[in-house]
Structure formats: C-alpha cells, structure tokens
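# Structural overview for review
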Amino acid sequence: MIEYILKRLIWTPFLLLIASFFVFFMGNIAPGDPAELILKNRATPEKIEALRDDMGLDEPFIIQYLIYIKNALGGDFGESYVFQGKKVTELLIPKLLVSIKLNIAVTIVSISLGVPLGFYAAKNYGSWKDPTIVLTMLFLFAMPVFFTAPFLITIFAVKLGWIKASGWNGFFDTQIILPALTIGIPSATIYVRHMRASTLDIIGQDYIRTAYSKGLKEYTIDTKHIIKNSILPILTLLGFTIAGIFGGSLIVEIIYGIPGVSRLALDAIYQRDFPVLTALVLIGSTMLVLANLIIDISYTLIDPRIE
Amino acid sequence: MKHSNSITFLKIFWNQFKKRKFALICLAIICTVYLIGVLAPLISTHDYSETDLSRTQNGPSLENWLGTDRLGRDIYTRVIWGIQNTIIITLITIITGSFLLGISLGLAAGYFRGKVDILIMRLGEVVSAFPDILLIILLAATLRPSIISLAHYIEDNMGIKGILSSGIVDYLVIGIALLPLSWFGLMRLVRGQVLSIRNAEYVQAAKAMGTSEIVILFRHILPNIISPVIVSISFSIGAIALSEVMLSFFGLGVQPPRPSLGVMIGDVTARGGASISVLRNHPEQLLAPIIVVWLMIFCWNIIGDILNDIFNPKNQY
C-alpha cells in the first residue's frame, strides 16, 4: 500500500505538468495576437512588435511554456489581456472564493437531502417507498438547470417576492438559497444512489443479523452498525464538490448572476482572455488531482480491503 | 451457429426488458423523440431559419403549432431540427469516443498489458485531470476558428462547396470537444473486463489454435464483455446530449441560424441576462425545448438503470 501511495505521489507532478502543457498549447493555438488584443485600437505595427518582444511572444513555444510554468509555480499566472494591468491571480481569487462558498452550500443541501433519503430508501427496500424515492430522484436529476433556475426565480422571486432574483451577497445571505437548491437537489440523487447501495450492502451482512438477534434496539443498529459503515463510500463523492467549483455551477452562476469562476471562464472565452482561462483550468486540474489523491489515499487507509 | 447465438441473446434480453412496463414507456418516448428528429425534413412545417417579423412571439396556432419566437420563426420546426442536430452529435460522439477510442483502447490495454496499458491509462488520467466542463468549453472555444479556417481552405482549394453552410463545422467542433469526456470511463470498464477474462480457457484455446489477435479481441473477447459496455453507453447518451445542449446554450456549440435546443433555450433566457422579463411574458417558448431535453435525459437514465438490472443481476442496486 505504501508503494501505491508513493507511486501516486511521484506521478502527480508529472500528471500536472502534462496537463498544463496541453492547456498552454490550446491557449497558444487559439486565434488572435495577444499583443493586438491588449493594444486594441491603439495598435500600430511598431507597437505590436515592441509588445510582442516585451511579452516574449517571439520566443519558441517550448521556451514560453517553461517561463510560464516557472512563474506559475511562484503563483504568477501573468496579466489579463482584457483588464489591463491586472494580475490574473487578482482577478481569480475573489471569484474562486465565491464559487467555493456556493459549492459548500450546494454540498450541504445535497448531503443533508441525499444521505437520509438514500438510507430511508434502503431501509424500505421491497416496499413502494423505495422505488418512489429512486424514481423521483432520477426525475429531478434529469431536470435541466435551464428549467429549474428560471422556474425557481419565477416562483420565489417574481411571484412570491421572498428572495431577490439574482446577485451575490456572501454565504450567509438568503440569496444563496435558490442557487444552492438549483444544483443541490439534482445532485442529491448521486448521494441517494450511493447511500442506498452501500446501506443495502451493509444490511445484508451477517453482523447486522447478529445485532438484531442480540435484541439491540433498531435505533442503535441503524446508527452504530449500519450508518457508521455505509456512510464511508460517500467520502469518495466529495471529489464532486471540488469538480463542482470549476464548472459544475456554470449555468447557475450565469442565470443567477453570481460572480464566480464559471462566469469568469465564460467571459474569458468570449473576450479571448486566454491567460485567465489557462490559469483557471490549471488551478482547477491541480485541485481536482490533489483532491482525488487525498480521497484515494484516505480510502485505502480507512478500508484496508481495497488495494 | 454464431447467428443463432446472437438471436437467443437478444430474445432473452427482450423477454426481460418487456416485463418492465416503465422501461417500455421510456423506450417508446425515446423512439418517438428520435423518430421525430430523423424525420425533421419531412414533417417540418416551415423553414427553420425563415423569419417573419409580422408574427413574432405568437402563441400556438394552426399555422404555427407551438407558436413563434422573437424573430417570428416557427418553434415546432426549430425544435424538431434541434432534435436532429442533437441526434447527429450524439451519434458522432458515441461512434468516435465510445466505439473507436473507448472500446478499442480498452481492449488493447487489457489484452496486451505492459507498455500499451501504462501509456493508455496515463493518457486517460491526464484527460480526467481536467474539470469536465472547463475542458469542453476550452476545446470548443479554441478549436472552432482552426476548424473554420480548415473548412475555408478545403472549400477554396478543392472546389467543394457548402461545407461551412452545412453545419459540419459545428458537428466537428462539438464532437471533438466532447471526445475526452466520452472515452475514458468506457475504456477503463472494458480494460477491467478484459483483464478478468483474458486468461479464460476459450481465449487460451483460440490462441493455441493460432487465431490472430484481432480476431481473438473482436470475436471472442468483445462479445463476452458486451453487456456492461451497453449499460455504460446507454448511461452516457443522456450526458452527451446534455453537454451539446449546454455548449449551444452558451453559443459555443451549434451556431445560429441553425436550430438547436440549447440555442432556443438560450434565446428565451437571453443566456441569463434578461431572463425574467422574457420568461414572465412568454414562458411557453421555453417549454417545448426543455421538455424534450428533460425527457431524453430522464428516459436514457431509466433505460440505463434497467439494462444494468438485466445485465448485471448480481448488483441489483
């Protein structure tokens, strides 16, 4: 197992290096001369030439990449083409915090809905309740965000006037409720499915039958023996939260007007602001890879049967 | 011999499938939606790009069955052509991503093991290191201009006309953008399955008889691992359709005036900008494309679930 962990740890930096090369390459073949983009209508051939020289754009691709990686390791992802004089990190970090907060709220909604429902469905295996829960969740899961978001806005913001339709006011504000529900309810389906499967798996085990035959109370069996074990696989799903930060809330951020990273990514694409996009994809991949690494390792530590 | 085998396989499968009423309903819905998409040229009542400013934002009528949008285009016509675009893109992605890349690479990795296996798995890890949606968007945005200039080059130099107006560029861009998403999961599944049967006696026997490796892989191994592959593909069809709708919603997929469900939804909600006013006055315009998308995804998920039940009775839940 130690060998496995070591292998993963050694491979991870290479993985990130290859991934970053790919992203940098895509940004490089993208059309439009960065110097022209920056200078806009002030562009003259001489100015473009000077700026290209200044930015090192005439260097061979591989040299540009190495310089970029060297700076990126120090936390410097260059300057935005569109917002001039702004470091990419300056633009990115506030938006990243917004998306992280939104996704924490989403995870709270989906876990507090999905885990109990999944457990309840499994406990009622064989009765009408189980398929009803599963089908309802599948129905909600298939519901396109394009529909839920405008629908919730129309009801709660326009008709009832309880919550403002769009905007962002931080984690502890009523405005976070609608977007959190919009993503949280469909993604609860994933938690329902996993919790239900792992609970059914545990219920079938011999030690649960033993617990019943010992005459333990239903409540004790549920909490101490079943839930404690069946909730473990849910751990692996927390990787979704990380993935959700980078793009999972894309449509929701757009429709609710939340200033998160997805909106930044989309604006960067429309305005060809590739330094922002490249940095975003790089940071996203790094977080995703590290999260998966931590989950895998902690999983092997928790459950020694897994190799 | 082989022929009768595949008939019994289908028969057993169909007997299981038709017992589940809900599965039949979903299959019927999917077939209807897809048939409508395929028959779009025959059953459309208007030209999908024909605008008529004298009848904008109308409700349903005998002339326009589902009403008209803000440019007076017939919504019914645009929805069925949109379905057709979604079908074409799903097909392209399934054929290239799932069949060509996913299955072949999985077979190769599992069967040949060693360096081939390591290379393919590492490549897959790199692809899955990116957040899905960001990668799709990045690819769609950066590839389109290159593909358009390639199409221009072909049109100018080879005298082939109509590449740009036919929508092939859109299909290529979306197809390539969705590729990374579609192959890795299936590849890993196929690889795992192959690993579990590559030393089975019938494979050994085929090897001993001097059967070529291609024949072993596609005639002996693939048919034996086909059930989980079918389940996995049926699950991914809904996800692919949704990704196409999402890309078009953001204006990175199918380009106007070509119709797409995503473009239609984006038009009504103004990509989020002024959604509420349009939505308040004309919510019915959103209804048709959204119901189609919802039904497609829901039914494919259910069919995937039921196929999983039938093919893998061991893990029922």
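Residues numbered from 1 in each chain as written. Chains lettered and ligands numbered in written order. Predicted model: local features only at pLDDT ≥ 70, side-chain atom pairs only at ≥ 80, totals over all residues.

### Considering the overall build of chain A
For chain A, the count of helices and strands is 15 helices and zero strands. In terms of C-alpha radius of gyration, chain A reaches 24 Å, well past the compact-globule figure of 19 Å for 307 residues. Each of the three principal axes of chain A carries a C-alpha extent, and together these read 85 × 60 × 30 Å. Residues classed as buried in chain A amount to 34% of the 307 residues present. (Helix = DSSP H or I, 4+ residues; strand = E, 2+ residues; numbered from the N terminus. Rg over C-alpha atoms; globule rule 2.2 N^0.38 Å. Buried ≥ 20, exposed ≤ 12 C-beta atoms within 10 Å, placed from the backbone.)

### Regarding the overall build of chain B
Check the secondary structure of chain B and you find 13 helices and zero strands. With the principal axes as the frame, chain B shows a C-alpha extent of 75 × 50 × 35 Å. Put simply, chain B has 317 residues, and 42% of those count as buried. Pairs at least 24 apart in sequence give 71% of the contacts found in chain B among residues at least 6 apart. (Contact = placed C-beta atoms within 7 Å.)

### Quick notes on the environment of Ile 25 of chain B
All names here are of chain B. Here Ile 25 shows up in helix 2 (residues 21–38). Taking the number of C-beta atoms within 10 Å as the measure of exposure, Ile 25 has 12 and is therefore exposed. For Ile 25 and Cys 299, which are 274 residues apart along the polypeptide, the C-alpha to C-alpha distance reads 8.6 Å.

### What to know about the domain arrangement of chain A
All names here are of chain A. With domains assigned, chain A is organised as domain 1 (2–88) and domain 2 (93–295). A separation of 34 Å is found between the C-alpha centroids of domain 1 and domain 2. Taken together, the contact pairs 20 residues of domain 1 with 15 residues of domain 2. The element contributing the most residues to the side of domain 1 that touches domain 2 is helix 1 (residues 2–29), with nine residues. Classifying every residue of the side of domain 1 that touches domain 2 by side-chain character gives 12 nonpolar, six polar and two charged. (Domains from an automatic or database assignment. Nonpolar A, V, L, I, M, F, W, Y, C, P; charged D, E, K, R; others polar.)

### Some remarks on the interface of chain A and chain B
Taken together, the contact between chain A and chain B spans 42 residues of the former and 34 residues of the latter. For the side of chain A that touches chain B, the secondary structure elements donating two or more residues are helix 1, helix 6 (129–142), helix 7 (145–159), helix 8 (177–203), helix 12 (239–248), helix 13 (250–256), helix 14 (261–270) and helix 15 (274–302) of chain A. With seven residues, helix 15 of chain A is the largest single contributor of residues to the side of chain A that touches chain B. Grouping the constituent residues of the side of chain A that touches chain B by class yields 35 nonpolar, six polar and one charged.

### A few points about the nonpolar core
By size, the foremost hydrophobic cluster in this structure holds 148 residues, and its most contacted members are Ala 265 and Leu 280 of chain A together with Leu 134, Ile 136, Ile 137 and Ala 140 of chain B. With 15 residues, helix 13 (residues 284–311) of chain B is the single largest residue contributor to this core. Among the domains, domain 1 (2–88) and domain 2 (93–295) of chain A are the pair contributing at least three residues each to this core. Leu 280 of chain A has contacts with Leu 92, Val 261, Leu 264 and Ala 265 of chain A together with Leu 134 of chain B, leaving out every residue within four places of it along the chain. (Core = buried A, V, L, I, M, F, W, Y, C linked by C-beta atoms within 7 Å.)

### Observations concerning helix 2 of chain B
Residues and elements named next belong to chain B. Between its first and last C-alpha atoms helix 2 spans 26 Å; for 18 residues at 1.5 Å apiece the expected length is 26 Å, and the two agree. Within helix 2, the full set of buried residues consists of Ala 23, Cys 26 and Gly 37. Buried residues of helix 2 fall within an arc of 70° about the axis and therefore sit on the same side. Exposed side of helix 2, more than 90 degrees from the buried face: Lys 21, Ile 25, Ala 28, Cys 31, Thr 32 and Leu 35 are the residues found there. (Expected span 1.5 Å × (residues − 1). Arc of directions from axis to C-beta.)

### Digging into the confidence of the model for chain B
Within chain B, residue pLDDT values average 83, and 92% of them lie at 70 or more. Mean pLDDT across the secondary structure elements of chain B bottoms out at helix 12 (residues 275–281) of chain B, with 59, and peaks at helix 2 of chain B, with 91. (pLDDT = per-residue confidence, 0-100.)

### Observations regarding the packing of helix 8 of chain A against helix 10 (residues 218–230) of chain A
Residue and element names in this part refer to chain A. Running from N to C, helix 8 and helix 10 cross one another at 135°; their axes reach a closest spacing of 8 Å. By the angle class used here, helix 8 and helix 10 are oblique. Both helix 8 and helix 10 take part in a crossing whose hand is right-handed. Where helix 8 abuts helix 10, its residues Met 195, Ser 198, Thr 199, Ile 202 and Ile 203 lie against Ile 226, Asn 229 and Ser 230. Tallied by class, residues from the contact of helix 8 with helix 10 come to four nonpolar, four polar and no charged. (Axes fitted to C-alpha atoms, helices over the stretch in contact; angles between N-to-C directions. Parallel < 35°, antiparallel > 145°, perpendicular 65-115°, else oblique. Left-handed = near helix turned anticlockwise from the far one by under 90°.)

### Things to note about unusual backbone geometry
Trans peptide bonds make up the majority, and among non-glycine residues the majority have a negative phi. All names here are of chain B. Despite not being glycine, Arg 113 shows a phi value in the positive range, around 50°. With respect to the helices and strands, Arg 113 occurs in the loop between helix 4 (75–112) and helix 5 (114–128). Residue Arg 113 is classed as partly exposed on the basis of its 14 C-beta neighbours within 10 Å.

### With respect to the environment of Ile 245 of chain A
All names here are of chain A. Tracing the chain through its elements places Ile 245 in helix 12. C-beta crowding within 10 Å serves as the criterion here: with 27 such atoms nearby, Ile 245 is assigned to the buried category. C-alpha separation for the pair Ile 245 and Lys 101, spaced 144 residues apart in sequence, amounts to 8.9 Å. Leaving out residues up to four positions away in the same chain, Ile 245 has contacts with Ser 99, Ile 100, Asn 103 and Val 261.

### Re the environment of Gly 72 of chain B
Residue and element names in this part refer to chain B. Mapped onto the secondary structure, Gly 72 falls in the loop between helix 3 (40–43) and helix 4. For the pair Gly 72 and Gly 167, spaced 95 residues apart in sequence, the C-alpha separation works out to 22 Å. Discounting chain neighbours no more than four positions away, the residues touching Gly 72 are Thr 51, Asp 52, Leu 53, Ser 54, Arg 55 and Thr 56.

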